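Below, each chain spelled out in residue letters.
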Amino acid sequence: MTEKRAADVAAIETVLADSYRAWAAGDADAMVADYTPDATAILPGSRRLGRDVIRDSMAQAFAGPLAGTSTWDEQVSLRFLGRDAAIVVSESGVLFDGATEAPDSGRVNATWVLEKKDGSWKIAAYHNSPVLVPARV
């Protein structure tokens, strides 16, 4: 890996870590701060088109069923598609009631698509799907 890629890896990991911290704080604005305006989020039964729609849906969730939650995330891979695009695959889950790891039944496989614009990495798309047993293959 070149120094340039190492810097990109660190920047991407910071973007994701900032999003996780914002989730734990219940801060929908901060959570989508590094999303592109036209970002998409696809979850089972839901398609959210645009950063503002994603922000609004997360604000509602943080005020309701996701109040006081955080996330558990384990990066599986990070690969680059050319100079200005990357895909991160992770396994993650929502942590309720102070848990430190998501139960198998609550884990999802997630795909993050990031693009570099004006020197900064932004989340362009997010998708998750439930993990089916076995959790790790």
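## Considering the pairing of strand 6 (residues 120-130)
Here's step 1: Summarising the sheet, strand 1 (residues 35-43) and strand 6 pair through four bridges and their orientation is parallel. Residue Thr40 lies in a different strand from strand 6, and its bridge partner there is Ala125.
Here's step 2: Here strand 5 (residues 107-117) pairs with strand 6 via 10 bridges, running antiparallel. The partner of Val108 across the bridge, within strand 6, is Pro130.
Here's step 3: Between the end of strand 5 and the start of strand 6, which pair antiparallel, lie two residues, with Asp118 showing a positive phi angle near 50 degrees.

## Here we look at the nonpolar core
Here's step 1: The biggest cluster of nonpolar side chains holds 25 residues, and the ones touching the most others in it are Tyr35, Met58, Trp112 and Leu114.
Here's step 2: If you list the elements that add at least two residues to this core, you get helix 1 (3-25), helix 2 (28-31), strand 1, helix 3 (51-63), strand 4 (85-95), strand 5 and strand 6.
Here's step 3: Sorting elements by how many residues they give to this core places helix 1 first, with five residues.

## Structural notes on the environment of Gly68
Here's step 1: Along the chain, the position of Gly68 falls in the loop between helix 3 and strand 3 (70-80).
Here's step 2: In this structure the C-alpha to C-alpha distance between Gly68 and Asp18, which are 50 residues apart in sequence, comes to 17 Å.

## Remarks on the pattern of salt bridges
Here's step 1: Taken as a whole, this structure holds 10 salt bridges when the rule is applied.
Here's step 2: Here Arg55 makes a salt bridge to Asp29, at a shortest N to O gap of 3.5 Å. Taken together, the positions of Arg55 in helix 3 and Asp29 in helix 2 put the pair 26 residues apart, joining distant regions of the chain.
Here's step 3: When its relative accessible area of 25% is taken as the criterion, Arg55 is described as partly exposed.
Here's step 4: Because the salt bridges share partners, they merge into one network encompassing Glu91, Glu101, Asp104 and Arg107.

## Notes on the sheet that holds strand 6
Here's step 1: Pairing is mixed in the open sheet, where six strands are placed in the order 2-1-6-5-4-3. Pairing within the sheet leaves two strands with one partner each, and these edge strands are strand 2 (46-49) and strand 3. On average, each strand axis in the sheet is tilted by 20 degrees relative to the strand beside it, whichever way the strands run.
Here's step 2: Relative to strand 4, strand 3 runs antiparallel, the two sharing 10 bridges.

## Some thoughts on the side chain of Arg107
Here's step 1: With respect to the helices and strands, Arg107 occurs in strand 5.
Here's step 2: In this structure Arg107 comes out as buried when scored by relative accessible area, which is 3%.
Here's step 3: Within the structure, Arg107 has its side chain in polar contact with the side chain of Glu101 (distance 2.4 Å).

Cut-off values and rules
Residues numbered from 1 in each chain as written. Predicted model: local features only at pLDDT ≥ 70, side-chain atom pairs only at ≥ 80, totals over all residues. Heavy atoms only, no water. Pairing = 2+ DSSP bridges. Helix = DSSP H or I, 4+ residues; strand = E, 2+ residues; numbered from the N terminus. Core = buried A, V, L, I, M, F, W, Y, C linked by side-chain atoms within 4.5 Å. Buried < 20%, exposed > 50% of the residue type's maximum accessible area, 1.4 Å probe, protein only. Salt bridge = Lys/Arg side-chain N within 4 Å of Asp/Glu carboxyl O. Axes fitted to C-alpha atoms, helices over the stretch in contact; angles between N-to-C directions. Polar contact = N/O pair within 3.5 Å; in protein donor to acceptor, adjacent residues only side chain to side chain.

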